[in-house]
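# Results of the structural survey
Spelled out, the chains give:
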Amino acid sequence: MKEVIYNIFLMWEGNVCSAIRYATHEVEMDDDAAVTFLQSRVQADLNASKKFKLDTTFTIDEYNARMRLGQGHWLYDPVFIALGAGEQPLHVATQVINNIPQVRFSSAIGDPDIYLREDMTDGVSMSDWLTKYTKGNTIDLS
């Protein structure tokens, strides 16, 4: 069965995203193949993409915090609503700075992995509060 999949580009101006760009493809393939397909087309799709102005801007800090909670896509959901994409459309989101796609790592959107990997933090040390306050099977905030 054919489905529409989306290459989403977060267009950063400084630390703020006020617009995204997108490209769509109608394909018939499994999810893993679709993600690989979209990843292989990042530059071509960016060049051919359409602009979508966001009503609500967001900062890189807001995006990173949402991504950590598995909710980064909520910030650009308006494009999916406008395109009639339905719930949880298959997509790849790429950050773009000065018209250059920034690909440092790949991760799935969904239930968050609470442990930050080094390739995700750009050398910034960040304590994981769940790890810090977990004692056995409980959380101790005292």
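Residues numbered from 1 in each chain as written. Predicted model: local features only at pLDDT ≥ 70, side-chain atom pairs only at ≥ 80, totals over all residues. Heavy atoms only, no water.

### Some details on the confidence of the model for the chain
We count it as follows: Residue-level confidence of the predictor is what pLDDT reports, using numbers from 0 through 100. Counting from the N terminus, the helices are the DSSP runs of H or I reaching at least four residues and the strands are the DSSP runs of E reaching at least two.
On average, residues of the chain score 85 in pLDDT, and 81% of them reach the 70 mark or higher. Mean pLDDT per element in the chain: helix 5 (residues 118-121) is the minimum at 62, and helix 2 (residues 42-48) is the maximum at 97.

### Details of the sheet that holds strand 1 (residues 3-13)
The criterion, for reference: Pairing between strands is defined by DSSP: at least two bridges between them are needed. Axis angles are defined between N-to-C directions and span 0 to 180 degrees, where every axis is a line fitted to C-alpha atoms and, for a helix, only to the segment in contact. By the convention used here, residues are in contact when the closest approach between their heavy atoms is within 4.5 Å.
Pairing is mixed in the open sheet, where five strands are placed in the order 3-2-1-4-5. This sheet does not close on itself; its edge strands, each paired only once, are strand 3 (50-59) and strand 5 (100-102). Within this sheet the neighbouring strands show an average axis-to-axis angle of 35 degrees, counted without direction. Bridge analysis of strand 1 against strand 2 (residues 16-27) gives eleven bridges, and the strand direction is antiparallel. Looking at strand 2, one finds that isoleucine 5 is bridged to histidine 25. In the packing of helix 3 (residues 60-68) onto the sheet, the strands contacted are strand 1, strand 3 and strand 4 (91-97), and the crossing angle to strand 3 comes to about 90 degrees.

### Observations concerning the nonpolar core
To keep things clear, this is the line we draw: Here the nonpolar core consists of buried residues drawn from Ala, Val, Leu, Ile, Met, Phe, Trp, Tyr and Cys, with membership extended through side-chain atoms lying within 4.5 Å. Here the term buried applies to any residue with accessible area under 20% of the maximum for its type, exposed to any over 50%, and partly exposed to those in between, with areas from a 1.4 Å probe on protein chains only.
In this structure, Ile8, Leu10, Ile20, Phe58 and Tyr63 are the most contacted members of the largest nonpolar core, which totals 16 residues. With four residues, strand 1 is the largest single contributor of residues to this core. Those residues in contact with leucine 10, other than ones at most four positions away along the chain, are Cys17, Ala19, Ile20, Phe58, Tyr63, Tyr76, Thr94, Gln95 and Val96. Membership of the second largest hydrophobic core comes to six residues, among which are Ile5, Leu38, Leu90 and Val92.

### Quick word on the side chain of histidine 91
In plain terms, the rule: Polar contact criterion, stated in full: a pair of N or O atoms within 3.5 Å, where within protein one must be able to donate a hydrogen and the other to accept it, and residues adjacent in sequence count only if both atoms are side-chain atoms.
Locating histidine 91 in the fold gives a position in strand 4. In terms of polar contacts, histidine 91 uses its side chain to reach the side chain of tyrosine 76, at 2.9 Å. At a separation of 3.0 Å, a polar atom in the side chain of histidine 91 contacts the main-chain carbonyl oxygen of proline 89.

### Notes on the packing of aromatic side chains
The criterion, for reference: Think of it this way: a Phe, Tyr or Trp ring, Trp meaning its six-membered ring, pairs with another when their centres are within 6.5 Å, and the plane angle makes it stacked under 30 degrees, edge-to-face over 60, tilted otherwise.
Under the defined criterion, the tally for this structure stands at five aromatic pairs. An angle of 90 degrees between the planes, with centres 5.6 Å apart, marks the rings of tryptophan 12 and phenylalanine 58 as edge-to-face. Linking tryptophan 12 in strand 1 with phenylalanine 58 in strand 3, this pair joins segments that are 46 residues apart in sequence. Accessibility assignment for this pair places tryptophan 12 and phenylalanine 58 in one class, buried. An aromatic cluster is built from Tyr6, Tyr76 and Phe80, whose rings are joined through pairwise contacts.

### Some details on unusual backbone geometry
In this structure, glutamine 88 takes a positive phi of about 50 degrees despite not being glycine. Mapped onto the elements, glutamine 88 comes out in the loop between helix 4 (77-83) and strand 4. Backbone geometry places asparagine 98, a non-glycine residue, at a positive phi of 55 degrees. Along the chain, the position of asparagine 98 falls in the loop between strand 4 and strand 5.

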